[in-house]
Every structure is written in structure tokens, then in C-alpha cells.
Amino acid sequence: MALLRDGRALDLAAPEYPTLEELLASNEGEAVTLAPDADLDALAPRLSGIKKIEVEFPKYADGRGFSIARQLRNTHGFKGELVAAGPLLPDQYVYLLQCGFDAVRVDPETYARQTPAEWRDAMDAFSLTYQRGYAIPMGPALSVLDARRAKRAEDLSAQYDGLSAEAALERAIRHDYAGEIVLASSMGIDSAVLLHMISEIDSGLPVLFLETGKHFKETLAYRDRLVAQFGLTNFRSIPPKPKELKSEDPDGTLNERDKDACCDLRKVRPLDREITPFKARITGRKRYQTPDRAGMPILETGGRQAKLNPLAYWTAKDVTAYMRKHDLPPHPLLALGFLSVGCEPCTTRVAEGEDPRAGRWRGANKTECGIHYIDGKWVRIEAVPGTHEVF
Ligand code: SF4
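Residues numbered from 1 in each chain as written. Predicted model: local features only at pLDDT ≥ 70, side-chain atom pairs only at ≥ 80, totals over all residues.

Turning to the overall build of the protein, a few remarks are in order. Regarding its fold elements, the protein presents 14 helices and 14 strands. Counting only contacts in the protein whose residues sit at least 6 apart along the sequence, the fraction spanning at least 24 positions is 63%. (Helix = DSSP H or I, 4+ residues; strand = E, 2+ residues; numbered from the N terminus. Contact = placed C-beta atoms within 7 Å.)

Here's what the structure looks like:
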């Protein structure tokens, strides 16, 4: 027999507890075995004296034992030890605990077909679940399979620790997210770095560019130059939907009246439509940019879409050094005093000593600098001093 509890597998003989009928017929007993159709109302008057209950599962697909556990815990307030016994499977372990069981005793025949590793994996998964239930009262529901997936994702993220930007990109593009990863580029001041790196690995990687219809002609020329120079064969300019443009910004002046609505129309929605199908996206985010990003890993997993941050540990100096080393062309507006470049109506030069992003939406009380997929939805990120990352 295997009694599995608190992560340990023990060889124990099945205990000889009385059945409910035997318990009710006697005036003593601190433990009882309940059949899946046991009458809990009959047990209720004796429950305060019971320290241990074993619930029988005749087969793993019989769900009545789960209901008994919930009723004992939630309806009758049973505080003693609750054991599930029968041909149970590791996949059921998390759910059993969430229903209120403390331990699982698997019948020998079933256990012979399982391995301790399977149960250990199930227990590991348990530490990652947030399903509402007896054992874990808070958080959104997450199935056992989701939990296992999350564990695998967490392990994968750890494997990217310490990789160089190029090595992280290569691994993600060629192996872990082959065919399922994308780069959204603003064709801004820093953009040549990642574009150059991915072109060295896979020039056919999908690269998205938000064609807002409001870019500087210099940005569009820079885009064309980089795409041609790096031989990017899967480059996609993403415009807003013509129908939405016609109804929401027919004369092209929405940015003068409502910049948030304009960004939503020309950036957020188009990007959302294009990027959502991918399992992972590459970002240019760096740890030094915000306190929130200080602990950012190279590979962020956990959400619906993984984020690969190959430049997580880079500084602005690293970017400059890489550009020089590979003789990458600078954005043409950099020499004209634009340290951060977005749409033309919303970008101005910055004066010496000003924050690089001071020229974005100047005087408009708007500081969003990026569009990122976080916890299942697209959100804009507040601008921070020294950040060049733009959309
Ligand atoms: S940056 Fe300006 S022009 Fe571009 S989408 Fe946003 S509000 Fe519109």
C-alpha cells in the first residue's frame, strides 16, 4: 500500500477502520471508512468524536468521494484527517487536496502501474495551482494540466538565465518557440539591434511594424533600409482597419482631439489583432528602464504569451556599443536631436539635458511608451527616464 502525504510515499497496510454502519452500531471509535454512498447526516451526530475518515473510491472515475470530502469539510465542518483510498491517479492528486483530503492511499494494483515520480510531479504542480478550493482558498481557477504547463514554463524560463542576447534569441527562435515567435518593432532609435540579431538567426522571422499612417518619412525610409539591409523576408507593416479609420478618424485629426483614442485605433488594436496568435514575442525591454523591470527574466512565461527579453541585462551603452561594433545605421532623426521617435504629430526634438522621451506627446499629459501583453490583456506602459523603447 502506498500512503502519499506531504510529498512522501510510504508503504503501509490498509487500516481496518469500521464502516459507517459498524461505527453507528457501537458507542466508540475515532476512525471510520465511508463508502461513496455513505449517509453523512447519519454520521453527523458522531462527527465531533471522529479523528480520521477514509473515503473509498471504487474506481478512479467515481466522483462521489470528492463530494463527500467537500460536504464533510464545508457542510459538517470536519477538522480531522481525511484520506482518499482506491485506484486513484496522480492527475487527481491536486483536485483531491482541493476537495479537502489530506492524503491519498492508492491500492497496490494501481500503484504498481504508476511511478513515485508521477506523484511527485503532481505534488510539484500543486504548489503552482491557484484553484479555489478547500486547500487553496484564493485565486483564479487553474487545472492540473494548466499547473503542469506552468511548471514546465517556469523550468524553461530558468534555462534562459545567463544566456547572452544572441544565445537566447537563437534558442527561442530555433527550438522552444520555432515558428511561433514574433518581433514587433517600432523602427526607432534602438530597433536596429534586435533586427540585426534576428536576421543573423532567421531572416524569415515575422517582424511587425505598426503603420500608423503618421510616421516621419525618415522612419519609413529607415524601416525600408533596415528591412533591405538585413534581408528580412517576413516583414509586415500593420495598418489600422480602413473601416475603423473611416468611422473613427475620417479626417486624420483624431490625434489632435484625443491621443489615447488615436493610439488605440492606430496602434493597440492593430497590434492586438496581429500578435495574439503567436505563442511568444520578442521585446526590447531592459532591466534598468523601470523599477518594475529590475527583476525581469530573459524569458517571461506564465501568461498566454511568453515574452523574450534578450536585452534584459543591457544598458544604453551596450546598445551603442553593439550598433558601433556591427556598423548599424542610426535612425536618421537621431542626428537632428530626436532621442525617441514615434509618430510625427506627437514627437518633437529634445533639448540638451532633457530626458530622451521628453519629446514624445510633449505637453499632452500622455506618457505611454509601449504596448505590452500582461496578464491576458494589452496594456500601455508608462514612460520612464532614459527609455528609448517606443511604439
Ligand atoms: S502617437 Fe500620436 S499620431 Fe501616433 S497613434 Fe498615437 S496619438 Fe496617433
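With that settled, consider the site of the ligand. Every residue lining the ligand is accounted for by T212, K214, N255, K259, C262, C263, R266, K267, G342, C343, P345 and C346. Broken down by element, the residue count for the shell around the ligand peaks at 5 residues, all from helix α13 (residues 259-275). Here the shell around the ligand is composed, by residue class, of 5 nonpolar, 3 polar and 4 charged. (Near = placed C-beta within 6 Å. Nonpolar A, V, L, I, M, F, W, Y, C, P; charged D, E, K, R; others polar.)

With 12 residues, helix α3 (residues 64-75) ought to run about 16 Å at 1.5 Å a step, and its terminal C-alpha atoms sit 15 Å apart, in line with that. Along α3, the residues classified as buried are G65, F66, I68, A69 and L72. For α3, the angular spread of buried residues about the axis comes to 160°, placing them on one side. Those residues of α3 that are exposed and angled more than 90 degrees off the buried face are N74 and T75. Buried positions along α3 lie against β3 (31-34), α2 (40-43), β4 (52-56), β5 (81-86) and α4 (93-99). At the exit of α3 stands G77, carrying a positive phi of roughly 65°. (Expected span 1.5 Å × (residues − 1). Buried ≥ 20, exposed ≤ 12 C-beta atoms within 10 Å, placed from the backbone. Arc of directions from axis to C-beta.)

With that settled, the discussion passes to the pairing of strand β9 (residues 235-238). Note that strand β8 (residues 207-210) and β9 share 4 bridges and pair parallel. Residue pairing across strands places F209 opposite S237, the latter belonging to β9. Handedness of the crossover is the feature at issue here: the chain leaves β8, passes through helix α10 (residues 217-230), returns alongside β9, and the resulting connection is right-handed. (Pairing = 2+ DSSP bridges. Right-handed = clockwise from strand over helix to strand, strands pointing away.)

Positive phi values are uncommon outside glycine, yet M187 reaches one of about 55°. Summarising the element assignment, M187 is placed in the loop between β7 (181-184) and α9 (191-201). Judged by local crowding, M187 falls into the buried class, with 27 C-beta atoms found within 10 Å. Positive phi values are uncommon outside glycine, yet D327 reaches one of about 55°. Take D327: it is sitting in the loop between α14 (316-325) and β13 (368-374). Judged by the 7 C-beta atoms lying within 10 Å of it, D327 falls in the exposed class.

Direction vectors running N to C along helix α8 (residues 165-176) and α9 enclose 50°, while the axes themselves pass 10 Å from each other. Classed by the angle they form, the pair α8 and α9 counts as oblique. As for how α8 packs across α9, the hand of that crossing is right-handed. For the pair α8 and α9, contact is made by A165, E166, L169, E170, I173 and R174 and by M197, I198 and I201, respectively. Looking at the contact of α8 with α9, its residues break down into 6 nonpolar, no polar and 3 charged. (Axes fitted to C-alpha atoms, helices over the stretch in contact; angles between N-to-C directions. Parallel < 35°, antiparallel > 145°, perpendicular 65-115°, else oblique. Left-handed = near helix turned anticlockwise from the far one by under 90°.)

Take the nonpolar core next. Formed by 39 residues in total, the largest nonpolar core has its most connected members in A168, I181, L183, I198, V207 and L308. Per-element tally for this core: the top contributor is α9, with 6 residues. (Core = buried A, V, L, I, M, F, W, Y, C linked by C-beta atoms within 7 Å.)

The next thing to look at is the pairing of β5. In terms of burial, β5 is largely enclosed, as 5 of its 6 residues are buried. Taken together, β4, α3 and β5 form a β-α-β motif whose crossover is right-handed. Of the pairings in the sheet, the one linking β5 to strand β6 (residues 103-106) comprises 4 bridges and is parallel in character. The residue bridging V83 from the neighbouring strand is A103, located in β6. The parallel pair β5 and β6 is bridged by α4, and the resulting crossover is right-handed.

In this section: the sheet that holds strand β10 (residues 280-282). Taking strand neighbours across the sheet as the criterion, the 6 strands line up as β9-β8-β7-β10-β12-β11 in an open arrangement whose pairing is mixed. Edge strands, defined here as strands with exactly one partner in the open sheet, are β9 and β11 (299-300). When β11 meets strand β12 (residues 306-308), the two strands line up antiparallel, connected through 2 bridges. Directly across from L299, in β12, lies its bridge partner L308.

In this section: the environment of L194. Take L194: it is sitting in helix α9. C-beta crowding within 10 Å serves as the criterion here: with 21 such atoms nearby, L194 is assigned to the buried category. Counting along the chain gives 11 residues from L194 to L183, while the straight-line C-alpha distance between them is 8.6 Å. If we skip the residues at most four places from it in the chain, L194 touches L183, S185, I282 and G284.

Another aspect to go through is the confidence of the model for the protein. On average, the protein scores 80 in pLDDT, and the residues at 70 or more come to 77%. Counting interchain partners and residues more than four positions distant, the pLDDT-below-50 stretch residues 126-143 has 32 contacts. Across residues 368-391, confidence stays below pLDDT 50; counting only partners more than four residues off in sequence or on other chains, it has 62 contacts. (pLDDT = per-residue confidence, 0-100.)

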